[in-house]
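Examination of the molecular architecture
This is what each chain is made of:
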Amino acid sequence: MRGPDGAKTARRKERTPQADGASARLYDRELEDLPAELRWREWMLRVEAVLFAAAEPVSREMLARVVGRDCSVDLLIEDLRADLCDRPYEVVPVAGGWQYRTRPRYAETIRAAAAPTRAPTAALSKFEAMALAAITYFQPITRGDLSKIFGKEVSRDTIAALRNAGFLASGPRSPTPGAPYTYVTTKQFLTAFGMETLRDLPDIEALEDAGLLSRREMAAEPVSGLSDEDDQQED
């Protein structure tokens, strides 16, 4: 005669194969019962659903979880982008993954509608934007070295504003006296500005030649938010 513990063990043993079978049937990645053409189409729809629902760029590894083991995620994305060629949105490579983005030609239309967007980019002051540009091109960089670029102190308030926007993170300590922290840009920075990697940055000399960036203007820009405490404290 089995006691309560023995009965529970037996019930667990009886349920385990059934539960495992249910789990195995819960999500079918391979779709082997479908013809090849329909299988591919279903995989495309799955990828599209994940991208549509995601709040941030989706990596290749994440998308691979919903398609067949031997399925090429890159080819699925290529076909999906072709399907969307006449739509006002597209799938773009961003920050090491993919994300839905409205096509640039519709930016004015969206602004005119004044509709709330999913993830509005933080509003930066002119100097904060210039400081972010300098950090982007010269990272990892300390606050002291950043001040040398502008020819004047860059305040902790400026760094804090960029951190709060999610654009900056602490990098490795600098091998200079006091070992101050350096600053580097984040994945959120890539996402906000629609870049896959930092290699997508335009050439800084080309920006200067086109009149879109001026180091002289950087040095002339007044800096707000300074305090005695900022001048006395080290990073």
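Positions within a chain are numbered from 1, following the residues in the order the chain's sequence is written. A pLDDT threshold of at least 70 governs which residues receive local features in this predicted model, and a stricter bar of 80 or more applies before side-chain atom pairs are shown or counted, although totals over entire chains, interfaces and linings include all residues. Excluding hydrogens and water, the side-chain values take into account all heavy atoms of the structure.

**What about the overall build of the chain?**
- Only DSSP runs of H or I covering at least 4 residues are called helices, and only runs of E covering at least 2 are called strands; the numbering of each starts at the N terminus. Counting its secondary structure elements, the chain contains 12 helices and 5 strands.
- For this analysis, residues touch if any pair of their heavy atoms sits within 4.5 Å. The contacts of the chain with a sequence gap of at least 6 include a subset with a gap of at least 24, amounting to 55%.
- Here the Shrake-Rupley method, with its probe set to 1.4 Å, supplies the accessible areas, and only the displayed protein chains count as covering residues. For the chain, the exposed surface amounts to about 15,300 Å²; the carbon and sulfur share of it is 53%.

**Quick look at the packing of aromatic side chains**
- For Phe, Tyr and Trp, where Trp contributes only its six-membered ring, two rings pair if their centres lie within 6.5 Å, and the inter-plane angle classes them as stacked under 30 degrees, edge-to-face over 60, or tilted in between. Taken as a whole, this structure holds 7 aromatic pairs when the rule is applied.
- Summarising the aromatic geometry, the rings of Tyr89 and Tyr100 are spaced 5.6 Å apart at their centres and angled 75 degrees between planes, so their arrangement reads as edge-to-face. Pair noted here: Tyr89 is in strand S2 (residues 89-94) and Tyr100 is in strand S3 (residues 97-102), with a separation of 11 residues, a long-range link.
- Exposure classes here rest on a 1.4 Å probe applied to the protein chains alone. A residue is buried below 20% of its type maximum, exposed above 50%, and partly exposed in between. Residue classification places Tyr89 among the partly exposed positions, given a relative accessible area of 30%.
- In this structure Tyr100 comes out as buried when scored by relative accessible area, which is 14%.
- Pairwise contacts between aromatic rings join Phe52, Tyr89 and Tyr100 into one cluster.
- Geometrically, a charge over a ring is one whose NZ (Lys) or CZ (Arg) sits within 6 Å of the ring centre while staying within 35 degrees of the ring normal. The residue whose ring lies beneath Arg173 is Tyr181, and the NZ or CZ to ring-centre distance is 3.9 Å.

**Description of the confidence of the model for the chain**
- Averaged over all residues, the pLDDT of the chain equals 79, while 74% of them reach at least 70.
- Per-element confidence in the chain ranges from a low mean pLDDT of 35 for helix H12 (residues 228-232) to a high of 95 for helix H4 (residues 73-83).
- The predictor's confidence in any single residue is recorded as pLDDT, a number from 0 to 100. Under a pLDDT of 50 for its full length, residues 1-24 has, in the predicted model, 2 contacts with residues more than four places off or in other chains.
- Below pLDDT 50 for its whole length, residues 219-235 participates in 33 contacts with residues either more than four positions away or in separate chains.

**Re the pairing of S3**
- Here, a strand pair is defined by DSSP locating no fewer than two bridges between the strands. By the bridge criterion, 2 bridges tie strand S1 (residues 58-59) to S3 in an arrangement that is antiparallel. Bridge assignment links Val58 to a residue of S3, and that residue is Trp98.
- Note: S2 against S3, 6 bridges, orientation antiparallel. For Glu90, the partnering residue across the bridge sits in S3 and is Arg101.

**Here's the deal with the side chain of Arg143**
- Locating Arg143 in the fold gives a position in helix H7 (residues 143-150).
- Here a polar contact is recorded for every N or O atom pair within 3.5 Å, except that within protein the pair must consist of a potential hydrogen donor and a potential acceptor, and residues adjacent in sequence are included only if both atoms are side-chain atoms. Within the structure, the side chain of Arg143 is placed 2.8 Å from the side chain of Glu153, a separation counted as a polar contact.

**Quick look at the pairing of strand S5 (residues 181-185)**
- Most of S5 is tucked away, with 4 of its 5 residues classed as buried.
- Taken together, the 4 bridges between strand S4 (residues 168-173) and S5 define a ladder with antiparallel strand orientation. By the bridge assignment for S5, Arg173 is matched with Tyr181.

**Points about H7**
- Looking at H7, one finds that the buried residues are Arg143, Leu146, Ser147 and Phe150. The buried residues of H7 occupy an angular sector of 105 degrees when the element is viewed end-on, so they sit on one face.
- Backbone geometry just downstream of H7 places Gly151 in the positive-phi region, at approximately 75 degrees. The arc in question is formed by the directions pointing from the helix axis toward the C-beta atoms.

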